[in-house]
Amino acid sequence: MSAPLYLGLHVRDFPVQAELRVHPELRGHAVAVLDGDPPLETVFSLNGPARRLGLALGMSRVQAKSFDGISLRSRVKAQEDSAFRVLMQCAERFSPRIEVLASPADSVSGATLVLDMAACERLFGTAKQIAAALRRTAEAAGFEASVATSGNVSGRSSFSRPDAVCGAIFAKDRSFSISGG
């Protein structure tokens, strides 16, 4: 019996990343996705360049508009659902045993999956090689992702936090991370 192996895949700011998959010309620009009914829309998700400008989650549309160089987009849940299906397909290339810890929902702006990779090292290589391949696959699909590996999932509750650092997900064993985004 082989040792257990788990991979955690986290895509931060999933609504923004879903938007960037559809509009790749916005990559590298400050983008914020707004949620809610006009005129009460608030910033639900934003990328790194938007954070560096000073935008923050929960800002109103009026506040967000006051920043130069920001692209404000309305949330499109069908677009997020489609992007999430693509992310799941990326993960399914490596394992059929996937637990969804966080998916695009009303209150969560990240997507987090845990893949059970038991006995897959013979197929895909070492844990580090599998993690790197998963990250490359996610990137090829248009996602900036973080990947971590472990022999246990005792720390997985911390992984479901949208701002969790992927390397701190798993508590013991041969943990390491291949961080992204």
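The structure we're discussing is the one just above.
Since the structure is predicted, the reported quantities are computational estimates derived from the model, not experimental observations.

A. Quick peek at helix α6 (residues 127–140). The first and last C-alpha atoms of α6 sit 20 Å apart over 14 residues, in line with the 20 Å expected at 1.5 Å per residue. The set of residues buried in α6 consists of Ala-127, Ile-130, Ala-131, Ala-133, Leu-134, Thr-137 and Ala-138. With its buried residues spanning 165° around the axis, α6 presents them on a single face. Away from the buried face of α6 by more than 90 degrees, exposed residues Lys-128, Arg-136 and Ala-140 are located. Gly-142 sits one or two residues past α6 and shows a positive phi near 100°.

B. Local environment of the pairing of strand β1 (residues 6–11). The element β1 is largely enclosed, with a buried count of five among its six residues. Bridging between β1 and strand β6 (residues 111–116) involves six bridges; their strand directions are antiparallel. Counted as the bridge partner of Tyr-6 is Asp-116 from β6. Sheet topology note: the β1/strand β7 (residues 146–150) ladder contains five bridges and is antiparallel. Bridge pairing links Tyr-6 to Ser-150 in β7.

C. Broad picture of unusual backbone geometry. Omega for the bond connecting Pro-38 with Pro-39 falls within 30 degrees of zero, at 0°, which places this linkage in the cis form. With respect to the helices and strands, the residue Pro-39 is situated in the loop between β2 (30–35) and β3 (42–46). Positive phi, close to 55°, is recorded for Asp-13, a residue that is not glycine. The residue Asp-13 is located in the loop between β1 and α1 (14–22) in this model. Exposure remark for Asp-13: the relative accessible area of 8% places this residue in the buried category.

D. Fine view of α1. Along α1, seven of the nine residues are buried, which leaves the element largely enclosed by surrounding structure. Phe-14, Pro-15, Val-16, Gln-17, Ala-18, Glu-19 and Leu-20 are the residues of α1 that are buried. Against β1, β2, β3, β4 (70–74), α4 (77–92) and β6 lie the buried residues of α1.

E. The arrangement of the pattern of salt bridges in detail. Using the criterion set out here, one finds eight salt bridges in the structure. Put simply, Asp-13 and Arg-12 hold a salt bridge, and the shortest N to O gap is 3.6 Å. Glu-80 is the partner of Arg-75 in a salt bridge, and the nearest nitrogen-oxygen pair spans 2.7 Å. Glu-80 shares its class with Arg-75; the two are buried.

Reading the values: the criteria
- Residues numbered from 1 in each chain as written.
- Predicted model: local features only at pLDDT ≥ 70, side-chain atom pairs only at ≥ 80, totals over all residues.
- Heavy atoms only, no water.
- Helix = DSSP H or I, 4+ residues; strand = E, 2+ residues; numbered from the N terminus.
- Expected span 1.5 Å × (residues − 1).
- Buried < 20%, exposed > 50% of the residue type's maximum accessible area, 1.4 Å probe, protein only.
- Arc of directions from axis to C-beta.
- Pairing = 2+ DSSP bridges.
- Contact = heavy atoms within 4.5 Å.
- Salt bridge = Lys/Arg side-chain N within 4 Å of Asp/Glu carboxyl O.

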